[in-house]
Amino acid sequence: MTGPAFVEAAGSVVKDIEQYYSNLSSRPVLPSISPGYLQKLLPSTPPVQGEPWSEIEKDIERTIMPGITHWQHPKYMAFFAASSTYPGILGEMWAAALTSANFNWICSPAVTELETIVLDWLAQILALPDVFLSKGEGGGVIQGSASEAVVTVMVAARERYIRRQLEREGVTDPEEVEDRSCELRGKLVAIASAEAHSSTKKGAIIAGTRFRTIAVHRSNEYALTGDQVRTKLEELKAKGLHPYYLATTLGSTNTCSVDDFVSIAQVIKEYPNIWIHCDAAYAGSALVLPQYQYLSKQMAFLDSFDMNMHKWLLTNFDASCLYVRKRKDLTDALSITPSYLKNDFTDSGLVTDYRDWQIPLGRRFRALKIWFVLRTWGVEGLQQHIRHHLKLADLFAGLVKGRSDIFRILTPPKFALVVLMVKPKNTQPKLPDVDGGDPRPYQDQQNPVNPEVDDEELQKANEITKEVYTRVDATKEFFLTASVVSGVY
Ligand code: PLP
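Residues numbered from 1 in each chain as written. Predicted model: local features only at pLDDT ≥ 70, side-chain atom pairs only at ≥ 80, totals over all residues. Heavy atoms only, no water.

1. Considering the overall build of the chain
At step 1: From N to C terminus, the chain includes 16 helices and nine strands.
At step 2: Oriented by its inertia axes, the alpha-carbon framework of the chain measures out at about 75 × 70 × 50 Å.
At step 3: The buried share among the 489 residues of the chain stands at 47%.
At step 4: Intrachain contacts of the chain at a sequence separation of at least 6 include 72% that bridge at least 24 residues.
At step 5: Taken as a whole, the chain presents about 24600 Å² of accessible surface, with 56% of it coming from carbon and sulfur.
At step 6: Side-chain charges in the chain split into 52 positive and 58 negative, and the spacing between the mean points of these groups amounts to 3 Å. (Helix = DSSP H or I, 4+ residues; strand = E, 2+ residues; numbered from the N terminus. Buried < 20%, exposed > 50% of the residue type's maximum accessible area, 1.4 Å probe, protein only. Contact = heavy atoms within 4.5 Å. Areas by Shrake-Rupley, 256 points an atom, 1.4 Å probe, with all protein chains shown as cover. Lys, Arg positive; Asp, Glu negative; His and termini not counted. Charge placed at Lys NZ, Arg CZ, Asp CG, Glu CD.)

Written as structure tokens, this is what we have:
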């Protein structure tokens, strides 16, 4: 494709993208095809001769669109938002145009330096504690996903724990270090609330350590507390295990629960070798609003904090913003410099090589789209965007509460998430409404609702909720997400 042909093709693509967004609501949110549909529409062998763009372009609508779930659709209410904006798209276009691997500062200094600047801006916008700014010992790095961020910090946590333990034991002989490290790894355990995202368990699998959860309860809105953490730590230590990583959550996937950072910070002071991560993948965006920034102030005890701009902050996938209190913790664990990666700038210690803050070597120029987004909206625009979504959630929750004969809200709506279930007809379900609709005390404050318990009413409620969900899903008019929280569908 020549330059002039590119101009023509790109012009046509940009026009089609604009049309796609302008007419999105006229498409069904969910595809109606069956698995394997694309095999039937595309040849089974690769093209022998090249084709003109005009031919390739036609196949977007013919073959790809029928298999697209439209995440930007107004009737898409599943999982979490996946931001897409025109400035974000423009950032992606430039990043593609400037394609480079960007692992070291010298690979493209602007890529590294812009990343440091926009992440410092974002930390200020979210009112994160100064420990996460690059001017001190910390700093931010853009990862592809919150899960990738978890694996990255878990490996750093594991290595830091082992290093400190071996220092305490006075082990220095390289072979002995290796033997003892392997021995210790088998005893390391990562812990998280049972409501933490599955990426924590996956991270522990990848890091080759154990993983244990702490049950959390509806009576406490599924928040993890310091006392629960202490009990778990003592139990694990009594078994001869070494807790090395604690996952906390700001906005859990099922109910957007927020862990009790203040009490956890108090308890964890006594365990300085445990790495504390906060997963704020979705709800971290809400910290742009002053009303939520009391939470930012509680984050100073964390070793790391991660939020996805690609979820709720107007930035196209992927833009997971990871902050660490001590960047040295990452580089100590992840920096390996063979001769081909050496250069004078790295040796000078004056530059950041983000390859040492992540698992892959190469990296995309993701800072560009963040820069475009932050400049297009400004802090006030971002705040307005989140406020608007919170208002929509309030409106929706109000509508649900207005039909308390049919629906029950499971936990108080948090951020823009409303979790509801359907009430079975002619029954008095034991699960009370969260906001005083039912005067009886919570059914079982100490024990979470257990699916194994032969609770006929709960079974009925679950069945009818599932049926309603399945029917809504079958219409393909709305896309919602179903989940099970402590046995409640
Ligand atoms: N953490 C939470 C709280 C989430 O809700 C999700 C996904 O929805 C993730 C982590 C995983 O995010 P990612 O897809 O960026 O790995």
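2. Thoughts on the site of the ligand
At step 1: Lining the immediate surroundings of the ligand are F80, S145, A146, S147, H197, G251, T253, D279, A281, N308, H310 and K311.
At step 2: S147 places a polar side-chain atom, nitrogen or oxygen, 2.5 Å from an oxygen atom of the ligand.
At step 3: One of the side-chain nitrogen or oxygen atoms of K311 is found 3.2 Å away from an oxygen atom of the ligand.
At step 4: In isolation the ligand has 390 Å² of accessible area, and contact with the protein removes 84% of it.
At step 5: Elements supplying a minimum of two residues to the shell around the ligand: α6 (146-169) and α12 (309-312). (Near = heavy atom within 4 Å. Polar contact = N/O pair within 3.5 Å; in protein donor to acceptor, adjacent residues only side chain to side chain.)

3. Looking at the pairing of strand β4 (residues 242-249)
At step 1: Where burial is concerned, most of β4 is hidden: eight out of the eight residues are buried.
At step 2: Bridge count for strand β2 (residues 188-193) against β4 is five bridges, and the pairing is parallel. Looking at β4, one finds that A190 is bridged to Y245.
At step 3: After leaving β4, the chain enters helix α10 (residues 261-268) and then returns to the sheet as strand β5 (residues 275-279), a path that is right-handed. (Pairing = 2+ DSSP bridges. Right-handed = clockwise from strand over helix to strand, strands pointing away.)

4. Quick notes on the nonpolar core
At step 1: With 76 residues, the main nonpolar core has L250, F305 and F415 as its most contacted residues.
At step 2: Sorting elements by how many residues they give to this core places helix α15 (residues 367-402) first, with eight residues.
At step 3: In terms of nonpolar packing, the next biggest core, distinct from the first, is built from 30 residues, V150, V151, A207 and Y354 among them. (Core = buried A, V, L, I, M, F, W, Y, C linked by side-chain atoms within 4.5 Å.)

5. Re the environment of I162
At step 1: For I162, the position within the fold is in helix α6.
At step 2: I162 gets classed as buried once you look at its relative accessible area, which sits at 5%.
At step 3: For the pair formed by I162 and V418, sequence separation is 256 residues and the distance between their alpha carbons is 42 Å.

6. Side note on a negative patch on the surface
At step 1: There is a patch of like negative charges on the surface, built from D173, E175, E176, E178 and D179.
At step 2: Among the structural elements, E175 can be located in helix α7 (residues 174-185).
At step 3: By relative accessible area, E175 is classed as exposed at 62%. (Patch = residues over 30% accessible without salt bridge, like charges linked within 9 Å, V, L, I, M, F, W, Y side chains within 5 Å. Salt bridge = Lys/Arg side-chain N within 4 Å of Asp/Glu carboxyl O.)

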